Amino acid sequence: MNRKIVGVVDYGLGNHASVRDTFKSLDYRCIISSDPEFLSGCDLILLPGVGAFPAAMSAMRDRGLISFLCTQARSGQPIVGLCLGMQLLAESSLEHGLTEGLGLIPGQVIPLEPDHWHIGWNTIEVINQDKLLLPSHGESVYFNHSYVFAAPEEYQIATAQLKESFPVAVRLGNIVGLQFHPEKSQLTGRAILKNLVDGLTDA
Amino acid sequence: MLKKRLIGVVTVRQGLAVQSFGYSRYLPLGSPELVIENLDRWGADEILVQCIDRSVQKLGPDFSLLKRVGDLGLSTPLIYGGGIRHTDDAVKVISLGADRILIDSILWDSQPMIEAISRELGVQAVIANMPVHIKLGQIYWRNYRSSEEVLLNINTAQQLPIEWISEILLTDWRHEGFSKGFDRRIPLVFPIIKNPFILFGGLSEYDQYTDVLSIPNVVGVGIGNFLSYKEHAIQNIKDKITAISLRTAHYTAE
Amino acid sequence: MNSSSKFPPIKCRRCLYTTDHPLGLTIDEEGVCSGCRIHEEKDSLDWGKRWELLKELVAPYKVLSGRTYDCIVPVSGANDSYYVVHIVKKCLGLNPLLVTYNKYFNTPLGVRNLANLRIKFDCDILYQNINPVSVKKITRTTLRELGNIYWHCLAGQTAFPVQTSVRYKIPLIIWGAHQGIEQVGMFSHEHAVEMSRRYRKNHDLIGLEADDLLSIFDTLNEDDIWQYRYPDDATLKMVEVRGIYLGNYVRWDPKMQHEKMMKLYNYLGANLDRTFDSYDYVDCFNYMGIHDYTKLIKHGYSKVTDHACREIRHGRISREEGFSLVNHFESKPVPFIDQFCQWLEISPRSLAFILNQHGANNRASVGYDGNYEYSQQKRRAPTKLLDPSEILSKLAFESATSWELKAGDQYITFGKGWSKNDRTLC
């Protein structure tokens, strides 16, 4: 039986060992690449992210990955964005001035107010009955961000709460974004990644 | 609901993981990677690795240790501190696999640098380490390289670049390593209240954890030496403490 | 795994260790090492009080029904096993299940001592024999890749008691000394450190558990290594497994303890070639032979240094006398190479080649004819070298000379008994 292949987009920022090892422990093959040909042959593309929005978009542009990802999204290939990777799916971000994003899911990335930042393990509330995340409703996962993807409610599939509630997972068809770090959320995160990959790739 | 955190602290000196006592006496523990890997398996909420001799030796961050730790593929968030001098250092530390950084010397040497780092990484990724102790009811902040101390009050505290850091690690350096030693007045007397605290230094008992984690502004405790004496040290704390909202203990099944 | 090798090694002023010690060693501002500092506790702690703590600790584990054991005690034919069983059974009044791992390199004396142990103390004992094909495959791999022949012994000795604890649901395991405390002062006695998987992986198994061998070296299969797995956390928690060290509660002094056991229970020791201590490790052909040699070529010192540091700290010899003993024993010829090569089914030439590869900084130069030279520049003596025979008379280690090993002796295979006349290797 062929194992599923997850392609992690390498745009020169960050360390992918944790996400790679999580996928391998789930018995998926995991390739880390910036080559569009490789990535288009994968069952699912994973868009990681660390650092600031403008630098990430710039790094992807340099590697010709922006139009590639938009094309793949239109073709229906599953794409999952993690943390900053989720924010990159948005139309734009206000981090360090206004920067255009991939525009794969409507909405803008704005500063997290009034709390300024969201750090630590927090519970996720799954909304809109999304089947991918429902098994993890009420579980704690690890957050580490100060901007939030303010997507319209119809694209939100999970929220979290500090002083107020805000979206922490979004979805449009086969495009999914998670604001938290499932690869740094131990067993809970691992289960989420498994449900996501299986749910998005089982025909 | 946001949970409080148990943070496993790994102190590294000359490449060796050590137990530290008041930052003046050290006993060997072993390989930093294996101590860290163990904390990951136990389910610590975060792991903090502090390389305490890097700034003193003017060596910069221990990138080779970070690379080895990054390659472990940990599933637990990692905080790195030790020798971070400027933005390039900070960015490289994160790119090698740390999720957040701990800064200390820069607070003394070059405060404008903190704004630059914070803009680059996001304020959530920048934690300030402040070794403190209380003398005659007043709280003093210590420069561990020079042993110089500054009295912290509302005025002196206002000069710190607190808008560019998220959490503050308050280290009771005097009592670090000493059982039940933590001076619980510290989080109550510390003059900055806008930033949440992580407390560290001499926190060894279950009732201490329950006590300090009940303080609203305290988001987590760092525990160092005391995690090395028994198997399942992290899980034991989580099992025993019921009054505080912590993640439940996990015992890995292989 | 030596993490501090980037920094020039610093010597302890009191003993013979340096900060290059593979377990890790720190030196304080007075130039005294962590091992010597923690050793000071042996003369300052209230051992009466610590004995009471131990009694309190074990009390809840006493089984009233008499249908199972109170605890597990890992034993061998040497290494303070008698003393541990004496403390556990006679002093604490517990009913132990003894467990032992067959390391294959068994000497007649080791087999005799172990049999005498269970008979004199009237204890039940479980032996674990792992099949020779797996053991030899593992040892060939660890020798070739790590320059280490003892991995299977340490893995088995530290896994079997824990596996037995889980299988028989006997939660308490009682060990003797904690090597990290005794050698490098890794913990204070007052920390009452307990057995942990982290310590086992880091220091007993040089950083590699069974599954690491499997994933790193393609010569091994699941079949070869599964018996060496440590039980997982969920299993340990279910049984509430707990390993304690008597050395945290009893003032540990191996020389004195062995001599007491010789008097009380007729434990026997025998002279060894590469150290003055005739009580430890007499049950193994290779621990003080080829294994000791690999330690020397990889770390720059051998077991006699550990013995000398111990006796210096106990005040029986001076640092200069310790150094003289080390100098005398360290470069003695390595015995029983042929037996080892026959057992492992490799040629002496292959062994020499492998050892030369692992000797860091040209410490080893091994000739094909088995002439093992240790070519590192000799350490400068603190003063002039003293006459070893005078120091040995002072220490007065005893030896049952009729049990001393001779060149042609063979490993004893369990199941064939320990009659001195029956030496056939199967």
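The structure presented is a predicted model; accordingly, all values stated were derived computationally and were not measured.

On to the overall build of chain B, then. Helix and strand content of chain B: 9 helices and 12 strands. By its C-alpha atoms, chain B is 50 × 40 × 40 Å across when sized along the principal axes. In chain B, which comprises 254 residues, the proportion classed as buried is 67%. A separation of at least 24 residues holds for 64% of the contacts in chain B among residues at least 6 apart in sequence. In chain B, 26 positive and 28 negative side-chain charges are present, and the distance between their average locations comes to 3 Å.

Quick look at the sheet that holds strand S3 (residues 44-47) of chain A now. Residue and element names in this part refer to chain A. Ordered by their spatial adjacency, 8 strands build an open sheet running S2-S1-S3-S4-S14-S13-S12-S9, and the pairing between neighbours is mixed. A single partner strand is all that each edge strand has here, and the edge strands are strand S2 (29-33) and strand S9 (125-126). Judged from the 4 bridges that link them, strand S13 (residues 165-172) and strand S14 (residues 175-178) form a sheet pairing that is antiparallel. Opposite Ala169, over in S14, you have Leu178 as the bridge partner.

Inspection of the entire model under this criterion finds 57 salt bridges over all chains. Note that Glu167 of chain B and Arg5 of chain B form a salt bridge whose closest N and O atoms lie 2.6 Å from each other. Taken together, the positions of Glu167 of chain B in the loop between helix H6 (154-158) and strand S10 (168-172) and Arg5 of chain B in strand S1 (residues 5-13) put the pair 162 residues apart, joining distant regions of the chain. Neither residue differs from the other here; Glu167 of chain B and Arg5 of chain B are each classed as buried. Through salt bridges with shared partners, a single ionic network connects Asp253, Asp277, Asp280, Arg310, Glu311 and Arg316 of chain C.

In this section: the side chain of Asp212 of chain C. Residues and elements named next belong to chain C. Relative to the assigned elements, Asp212 resides in helix H9 (residues 210-216). Reaching out from Asp212, the side chain makes a polar contact with the side chain of Lys201 at a distance of 3.3 Å. Beyond its immediate stretch of four places on either side in the chain, Asp212 contacts Lys201, Gly207 and Phe217.

Attention shifts here to the interface of chain C and chain B. On the side of chain B, 33 residues touch chain C, which itself brings 33 residues to the contact. A combined buried area of about 2800 Å² lies between chain C and chain B, and 56% of that area is made up of carbon and sulfur atoms. Scanning the region where chain C abuts chain B turns up 5 salt bridges. Its salt-bridge partner being Glu254 of chain B, residue Arg197 of chain C comes within 3.4 Å of it at the nearest N-O pair. Between chain C and chain B we count 15 residue pairs in polar contact (both at pLDDT 80 or more) in total. Elements with a contribution of two residues or more to the side of chain C that touches chain B: helix H1 (34-44), helix H8 (197-204) and helix H11 (233-239) of chain C.

Formed by 188 residues in total, the largest nonpolar core has its most connected members in Ile101, Met130 and Phe190 of chain B together with Phe105 and Phe340 of chain C. Excluding its chain neighbours within four sequence positions, the residues that come into contact with Phe105 of chain C are Ile149, Tyr150, His152, Cys153, Asp283, Cys284, Phe285, Asn286, Phe340, Trp343 and Tyr411 of chain C. Ranked by size, the runner-up nonpolar core spans 33 residues in total, among them Val8, Val80, Ala158 and Phe180 of chain A.

Bringing the sheet that holds strand S7 (residues 108-111) of chain A into the picture now. All names here are of chain A. On the basis of which strands lie adjacent, the open sheet formed by 4 strands has the order S6-S5-S7-S11 and mixed pairing. Because the sheet does not close on itself, it has two edges, and the strands there are strand S6 (99-100) and strand S11 (147-150). Relative to S7, strand S5 (residues 92-93) is paired through 2 bridges, and the arrangement is parallel. From the neighbouring strand, Ser93 faces S7, where its bridge partner is Val109.

With that settled, the discussion passes to the layout of surface pockets. Of the volumes computed, that of the second largest pocket is approximately 1400 Å³. Forming the walls of the second largest pocket are 41 residues, and the residues nearest its centre are Asp40, Arg41, Ser75, Thr252 and Glu254 of chain B. Going through the elements one at a time, helix H1 (17-25), strand S8 (118-123) and helix H6 (186-201) of chain A, helix H1 (32-42) of chain B together with H8 and H9 of chain C are the ones with two or more residues in the lining of the second largest pocket. Split by residue class, the lining of the second largest pocket holds 8 nonpolar, 16 polar and 17 charged.

All names here are of chain C. Between helix H5 (residues 132-146) and helix H16 (residues 337-344), the shortest axis-to-axis distance is 10 Å and the interhelical angle comes to 120°. Packed against H5, whose contacting residues are Val135, Lys136, Thr139, Arg140 and Leu143, the element H16 presents Phe340, Trp343 and Leu344 at the interface. Residue composition of the contact of H5 with H16, by class: 5 nonpolar, 1 polar and 2 charged.

Here we come to the packing of H1 of chain B against H8 of chain C. Running from N to C, H1 of chain B and H8 of chain C point in directions that differ by 155°, and their axes come no closer than 10 Å. The pairing of H1 of chain B with H8 of chain C is recorded here as roughly antiparallel in orientation. Every pair of crossing elements has a handedness; the one defined by H1 of chain B and H8 of chain C is right-handed. Contact residues: Leu34, Val35, Glu37, Asn38 and Arg41 of chain B in H1 of chain B; Arg197, Arg198, Lys201 and Asn202 of chain C in H8 of chain C. Residue composition of the contact of H1 of chain B with H8 of chain C, grouped by class: 2 nonpolar, 2 polar and 5 charged.

Thresholds, definitions, all that
- Residues numbered from 1 in each chain as written.
- Chains lettered and ligands numbered in written order.
- Predicted model: local features only at pLDDT ≥ 70, side-chain atom pairs only at ≥ 80, totals over all residues.
- Heavy atoms only, no water.
- Helix = DSSP H or I, 4+ residues; strand = E, 2+ residues; numbered from the N terminus.
- Buried < 20%, exposed > 50% of the residue type's maximum accessible area, 1.4 Å probe, protein only.
- Contact = heavy atoms within 4.5 Å.
- Lys, Arg positive; Asp, Glu negative; His and termini not counted.
- Charge placed at Lys NZ, Arg CZ, Asp CG, Glu CD.
- Pairing = 2+ DSSP bridges.
- Salt bridge = Lys/Arg side-chain N within 4 Å of Asp/Glu carboxyl O.
- Polar contact = N/O pair within 3.5 Å; in protein donor to acceptor, adjacent residues only side chain to side chain.
- Buried area = accessible area lost by both parts, 1.4 Å probe.
- Core = buried A, V, L, I, M, F, W, Y, C linked by side-chain atoms within 4.5 Å.
- 1 Å grid on protein atoms, 1.4 Å probe; cavity = no way out; pocket = protein on both sides within 12 Å on 5 of 7 lines; lining within 4 Å.
- Points joined across faces, edges and corners; volume = space filled by probe spheres on them.
- Nonpolar A, V, L, I, M, F, W, Y, C, P; charged D, E, K, R; others polar.
- Axes fitted to C-alpha atoms, helices over the stretch in contact; angles between N-to-C directions.
- Parallel < 35°, antiparallel > 145°, perpendicular 65-115°, else oblique.
- Left-handed = near helix turned anticlockwise from the far one by under 90°.

The quantities given are spatial measurements derived from coordinates; they are silent on function.
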